[in-house]
Amino acid sequence: MTHSPRKRFGQNFLHDHNIIYSILSSLEAKAGEHWVEIGPGLGALTEPLLKLGVRLDVVELDRDLVALLKDKFRQQNNLQIHSADALKFDFSALAEQNEKLRIIGNLPYNISTPLMFHLLDNASCIEDMHFMLQKEVVDRICATPGSKKYGRLSVMMQYYCATELLFDVPPESFDPVPKVMSAIVRLMPHRQPPVEVNDIKILNRVVIQAFSQRRKTLRNSLKKLIDEDAIIALDIDPALRAEALSLEDFAKLSNLLQELP
Ligand code: SAH
């Protein structure tokens, strides 16, 4: 069976064996662990993972690929293939009591951000996640205060996880060749949140508002939500811009907003 890559499903298949090897080595997968792969495609990562003796669930949207995978891996009894949309898939249902899942995926870039947040809704049953993403997105996830790339994605992802860029992956490693550079990111959900946030929705609102006009000072960008004196009372300088604030500062602002009448 052959398969022509489909653009609408974000299909860029990995074919560089050195990269596949580097990804596998960095995972340190051990026999008996429960893994979930999102978008297995033609099985470039699936096959070596199975060889390591892990229990594997894969979630694939393209029905033609599902048929192909079922055929290719018909002998494998430690593999479950789910024909489904990962954005709607209930990942927590895969984890048995007290079990933590390890997640891997060379993700379709157009759905990578909503998919990561969908997974983080179930962060308590996730040990760690390794994703191939557009490098630009990995840089934003891992950015620290003061950097141009620091923004909503950095603050929200770092609230949930420890983030780490592992290595870059050049376009030629894929078929078809994408236009952008890619990178592998490791996300490890925090066991305890690094800061206390009373309501994550409010944190999200403050972060969106603060970065919506990143060149403005907090005094101006947050005007509609919090007044200047309240910002000063939190020991935060209202003349700063959003990109100077730490996760802890954003947590303080969002907890204050929650208390306001
Ligand atoms: N892991 C493979 C394929 C990566 S391409 C490799 O590295 O070679 C991205 C894969 O995600 C494709 O197989 C595509 O069909 C699948 N995909 C796209 N959207 C999806 C979705 N919403 N849910 C699950 N899989 C999806």
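Just so it is clear, the model here is predicted, and its values are computed rather than measured.

A look at the site of the ligand
Argument step 1. Every one of the 22 residues lining the ligand counts as a neighbour, but Gln 11, Gly 39, Glu 60, Asp 85 and Asn 106 are closest to it.
Argument step 2. Measuring from an oxygen atom of the ligand, one finds a backbone N or O atom of Gly 41 at 3.3 Å.
Argument step 3. The side chain of Asp 85 places a nitrogen or oxygen atom 2.8 Å from a nitrogen atom of the ligand.
Argument step 4. The class makeup of the residues in the shell around the ligand is 12 nonpolar, six polar and four charged.

Describing the pattern of salt bridges
Argument step 1. This structure, assessed with the given rule, holds 17 salt bridges.
Argument step 2. Across the pair Arg 55 and Glu 99 runs a salt bridge, and its minimum N-O distance is 3.1 Å. Highlighted residues: Arg 55 in strand S3 (residues 55-60) and Glu 99 in the loop between strand S4 (79-83) and strand S5 (101-106), separated in sequence by 44 residues.
Argument step 3. Residues Glu 136 and Lys 149 are paired through a salt bridge, measuring 3.5 Å at the closest nitrogen-oxygen approach. On the criterion of sequence distance, the pair formed by Glu 136 in helix H5 (residues 135-142) and Lys 149 in the loop between H5 and helix H6 (152-160) is long-range, its members being 13 residues apart.
Argument step 4. Glu 136 sits in the partly exposed class, given a relative accessible area of 36%.

Details of the side chain of Ser 173
Argument step 1. Tracing the backbone shows Ser 173 in the loop between strand S7 (161-169) and strand S8 (174-175).
Argument step 2. Judged by its relative accessible area of 1%, Ser 173 is buried.
Argument step 3. When neighbours within four sequence positions are excluded, Ser 173 is seen to be in contact with Phe 13, Leu 14, His 15, Asp 16 and Ile 19.

Overview of the state of the cysteines
Argument step 1. Following the criterion strictly, the structure yields zero disulfides and no others.
Argument step 2. In this structure Cys 142 is not part of a disulfide, and its nearest cysteine sulfur, from Cys 161, lies 10 Å away.
Argument step 3. Note on Cys 142: relative accessible area 22%, which makes it partly exposed.

Cut-offs used in this document
- Residue numbers here run from 1 along each chain, matching the order of that chain's written sequence.
- Reporting in this predicted model follows two pLDDT cut-offs: at least 70 for local features of residues, and 80 or more for side-chain atom pairs to be given and counted; totals over whole chains, interfaces and linings ignore these cut-offs and use all residues.
- Excluding hydrogens and water, the side-chain values take into account all heavy atoms of the structure.
- We call a residue near a molecule or strand whenever a single non-hydrogen atom of that residue lies within 4 Å of it.
- Polar contact is defined as a pair of N or O atoms within 3.5 Å, subject to the rule that within protein one atom must be able to donate a hydrogen and the other to accept it, and that residues adjacent in sequence are counted only when both atoms are side-chain atoms.
- Think of it as three bins: nonpolar holds Ala, Val, Leu, Ile, Met, Phe, Trp, Tyr, Cys and Pro, charged holds Asp, Glu, Lys and Arg, and polar takes everything else, Gly as well.
- Any carboxyl oxygen of Asp or Glu that lies within 4 Å of a side-chain nitrogen of Lys or Arg is treated as forming a salt bridge with it.
- What counts as a helix is a DSSP run of H or I of at least four residues, what counts as a strand is a run of E of at least two, and both are numbered from the N terminus.
- For every residue, the accessible area (1.4 Å probe, protein chains only) is compared with the maximum for its type, and the residue is labelled buried under 20%, exposed over 50%, or partly exposed between those bounds.
- The contact rule is simple, with two residues in contact once any of their heavy atoms fall within 4.5 Å.
- Here, a disulfide means two cysteine sulfur atoms that sit within 2.5 Å of each other.

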